[in-house]
Amino acid sequence: MRRLENGLPRGSEIAVDFEGDSIPALEGEPVAVSLLAAGESVFSRSVKYHRPRGPFCFAAACSHCLMRVDGVPNVFTCRAPARSGMRLERQNAYPTAEVDVFSSIDWLFPRGLDHHEMFAGVPVAEKVMAKVARHLAGLGLTPDSPAPARAPAEVLHTRVAIAGGGAAGLAAAQVLAVSKVPFILCEREPFLGGRLAVSAPEQNAPAIPSIEAFPAGAARLDAAVIGLYADEGGPFLAVVRKEMNEPRLLKIYAERFLIAVGGHSPLVPFANNDLPGVFSGRAASYLIRRCALLPFDRVALLGHGPELHSLAELLQQVGAKIVALIDTQSSPPVGAPDVACQGEVIEAHGRSRLTGLSFRRKRGTVRRVRCDGLVISTPVSPSVELARQGGARITFRLDHRAFAVEADEAGRTAAPLVFVAGDITGPTTAEEAARAGRRSAESLVARNRYPPCRSQMLIPISRAKCFISSMDRFASSMLVSVPHCIRTPPPLRPEAPAHR
Ligand code: FES
């Protein structure tokens, strides 16, 4: 575990309050990074079995890093910028998250616990059980104080609204800018680039354009798209934008929508895959490239695909000690670390954090290595939710073993107003994603005269209104960040086990 130099500007040195302890931090960095750098590993406990959890994705997608921050429950600490005096408390544990008596549930029920049927039909006992289950379920306590009043929603109109400022979204925006088609691009990070900026460098990846390359106001940073709705004004992207650290709702009405939000980092199934110390590949490269933190000393890598091996190179460049590299699908390429092999993981070891890993090589030998970090890098699972909300058809891709949006070469989907590009149609390289973004934008430009469009979205107006009125409360509760879209069911991956 050590801080690195990555040439990016650093915030000033401050301190945050972590359950009464003063922890050093750099102002503005995700506070989860400050905690990792200070050697903290247990950030939360799982809801049912109270298993220890540490940050996995650094993308507001796994919920392992949720804490109570300044009296507000369930804040993604992987997205919350550190501020001097910030108060952090872990939730859902008694008496502490380090020593949680409820973790005995996991120990007592190694094969799982079906609380729905426990004592069902037994008089009195079933009522007691139902009450206990109700108390144990749920996460966090209500906020210390009511949410502050928020500014009213800002309304914008444009021709094309782009969700996602990664390789595909940026390439599309460049085409639209050259063709003088008005557009607004929303990127949830405070920087452009998506995977170009956070994942291990890829061959032939396009350069990240500067925000000044686009017309003023066309590219919006810190703007998380949370839904695609329609009301009497037509279809719009609902976006939560941070202004002076305060969330504000944007409604972006457009004639067409280009969804290029990429994918989620999937988990690989094996025993104890949820231990603190297990990171997604994108999280590891994000920590190294954007936050200048190497969060482990001895690391093992697991997965398949080109990103796995680029990640190994990145880790070697920053001096990480790679103790194993397990490619689950193919023999390691020439130039891979000596410890690389084809195989599968049997089990991760450790009680409250990762201490080792057992794996089986393809030729059958079993090895156990000592490590304090495990990085899982597999091709992403497409983030289909937003496109599905807009009416696009979703299909299960056997080749990728994941759900993806159905689209033609030009990014057209089953919904006439919704176009897609990039990983959302299936994992691609950055170069391919950029090409797809350009093709979608060219097809949008070709449709120069759009017919006026009204509510063709799936969400009825009444629900959209209800959504808008509840946005203030929702944004307040999230305070610092909201994921790319509302959590409609996540893409299923049949090989992934249920989280415990
Ligand atoms: S690490 Fe914060 S949600 Fe996954």
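Cut-offs applied
- All residue numbers refer to position in the chain's written sequence, counted from 1.
- Per-residue local features of the predicted model are confined to residues with pLDDT of at least 70, and side-chain atom pairs are confined, for both listing and counting, to 80 or more; whole-chain, interface and lining totals are unaffected and use all residues.
- The numbering of helices and of strands both runs from the N terminus, where a helix is a DSSP run of H or I of at least 4 residues and a strand a run of E of at least 2.
- Working definition of burial: number of other C-beta atoms within 10 Å of the residue's own, with buried at 20 or more, exposed at 12 or fewer, and partly exposed in between, all C-beta atoms being placed from the backbone.
- Any pair of residues counts as being in contact when their C-beta atoms, constructed from backbone geometry, are within 7 Å of one another.
- All axes are obtained by fitting lines to C-alpha atoms, using only the stretch in contact for helices, and the reported angles, taken between N-to-C directions, cover 0 to 180 degrees.
- By the definition adopted for this analysis, an angle is roughly parallel if under 35 degrees, roughly antiparallel if over 145, roughly perpendicular if from 65 to 115, and oblique otherwise.
- Should the near helix be turned anticlockwise from the far one by less than a right angle, the crossing is left-handed, and should it be turned clockwise, the crossing is right-handed.
- Three categories are distinguished: nonpolar for Ala, Val, Leu, Ile, Met, Phe, Trp, Tyr, Cys and Pro, charged for Asp, Glu, Lys and Arg, and polar for the others, with Gly belonging to the last.
- Each nonpolar core consists of buried Ala, Val, Leu, Ile, Met, Phe, Trp, Tyr and Cys residues. Their C-beta atoms, within 7 Å, join them into a set.
- Domain delimitation in this document rests on an assignment produced automatically or drawn from a domain database.
- The rule for pairing is simple: two strands pair if DSSP sees at least two bridges between them.
- How far a helix is expected to stretch is found by multiplying one less than its residue total by 1.5 Å.
- The predictor rates its confidence in each residue with pLDDT, a number between 0 and 100.

A few words on the overall build of the chain. For the chain, the helix and strand inventory stands at ten helices and 27 strands. Looking at the chain residue by residue over its 500 residues, the buried ones come to 47%. In the chain, 66% of the contacts between residues at least 6 apart in sequence involve partners at least 24 apart.

A separate point is the packing of helix H6 (residues 281-289) against helix H7 (residues 306-317). In the contact formed by H6 and H7, the axes pass within 11 Å of each other and the chain directions differ by 30°. The orientation of H6 with respect to H7, classified from their angle, is roughly parallel. Seen from above, H6 lies across H7 with left-handed handedness. Between H6 and H7, the residues in contact are Gly 281, Ala 284, Ser 285 and Ile 288 and Glu 307, Leu 308, Leu 311 and Leu 314, respectively. Its residues placed into classes, the contact of H6 with H7 shows five nonpolar, two polar and one charged.

Another point: the nonpolar core. Counting 74 residues, the largest nonpolar core has Val 31, Leu 287, Val 299, Ala 300, Leu 301 and Leu 374 as its most contacted members. Per element, the largest residue contribution to this core is six residues, and it comes from helix H1 (residues 31-37). Of the residues that make up this core, three or more belong to each of domain 1 (2-136) and domain 3 (278-377). Sequence-distant contacts of Ala 300, defined by excluding residues within four places in its chain, comprise Val 323, Ala 324, Leu 357, Val 369, Cys 371 and Leu 374.

This part is about the sheet that holds strand S19 (residues 321-327). Taken together, the seven strands give an open sheet; going across it, the order is S16-S23-S18-S19-S20-S21-S22, and neighbouring strands pair in mixed fashion. One side of each edge strand has no neighbouring strand; the edge strands of this open sheet are strand S16 (278-280) and strand S22 (366-370). Direction aside, neighbouring strands of the sheet carry axes that sit 35° apart on average. Relative to strand S21 (residues 356-361), strand S20 (residues 340-349) runs antiparallel, the two sharing six bridges. The partner of Glu 347 across the bridge, within S21, is Ser 358.

Here the focus is the environment of Ala 153. Among the secondary structure elements, Ala 153 is positioned in the loop between helix H3 (125-136) and strand S9 (154-163). Remark: the alpha-carbon pair of Ala 153 and Arg 248, spanning 95 residues in sequence, is separated by 6.5 Å.

With that settled, consider the sheet that holds strand S8 (residues 87-89). Pairing within the open sheet is mixed, and its five strands lie in the order S3-S2-S8-S6-S7. Only two strands of the sheet have a single partner each, and these edge strands are strand S3 (21-26) and strand S7 (72-76). For this sheet, the mean angle separating the axes of adjacent strands, direction not counted, is 40°. Of the pairings in the sheet, the one linking strand S2 (residues 13-18) to S3 comprises six bridges and is antiparallel in character.

On to the pairing of strand S13 (residues 234-243), then. Along S13, seven of the ten residues are buried, which leaves the element largely enclosed by surrounding structure. Taken together, the eight bridges between strand S12 (residues 223-231) and S13 define a ladder with antiparallel strand orientation. Paired with Leu 228 across the two strands is Leu 237, which belongs to S13. Between S12 and S13, which pair antiparallel one after the other, the connecting turn spans two residues. Relative to strand S14 (residues 246-259), S13 runs antiparallel, the two sharing eight bridges. Across the sheet, Lys 242 pairs through a bridge with Pro 247, a residue of S14.

Moving on, we get to the packing of helix H4 (residues 167-178) against helix H9 (residues 430-446). In contact at an axis separation of 7 Å, H4 and H9 are set at 35° when each is read in the N-to-C sense. In this structure, H4 crosses over H9, and the sense of that crossing is right-handed. When H4 is examined against H9, the residues Ala 167, Ala 168, Gly 169, Leu 170, Ala 171, Ala 172, Val 175 and Leu 176 are found in contact with a partner set consisting of Ala 430, Ala 433, Ala 434, Ala 436, Gly 437, Arg 438, Ser 440, Ala 441, Glu 442 and Val 445. Of the residues assigned to the contact of H4 with H9, the class counts are 13 nonpolar, three polar and two charged.

The terminal C-alpha atoms of H9, which comprises 17 residues, lie 24 Å apart, in line with the 24 Å expected from a rise of 1.5 Å per residue. Turning to H9, its buried residues number three or more, namely Ala 430, Ala 433, Ala 434, Ala 436, Gly 437, Arg 439, Ser 440, Ala 441 and Leu 444. On its buried face, H9 sits against S9, H4, helix H5 (195-198), S14 and strand S27 (418-420).

End to end, H7 covers 17 Å across twelve residues, agreeing with the expected 16 Å (1.5 Å per residue, within 8%). Burial in H7 covers these residues: Glu 307, Leu 308, His 309, Leu 311, Ala 312 and Leu 315. Elements that come into contact with the buried residues of H7 comprise H6, strand S18 (298-303), S19 and strand S23 (373-377). Gly 319, located one to two residues past H7, shows a positive phi value of around 85°.

Summing up the model confidence of the chain, the mean pLDDT is 88 and the portion of residues at 70 or higher is 89%. Across residues 450-462 the pLDDT falls below 50, and counting only partners more than four positions away or on other chains, this stretch makes 29 contacts in the model. The low-confidence segment residues 464-500, where pLDDT is below 50, has 82 contacts with residues more than four positions distant or belonging to other chains.

Attention now goes to the pairing of S7. Pairing of strand S6 (residues 66-69) with S7 involves three bridges; the strand directions are antiparallel. Looking across to S7, one finds that Val 69 is bridged to Val 72. Linking two consecutive strands that pair antiparallel, namely S6 and S7, is a turn of two residues; a positive phi of about 50° is found at Asp 70 within it.

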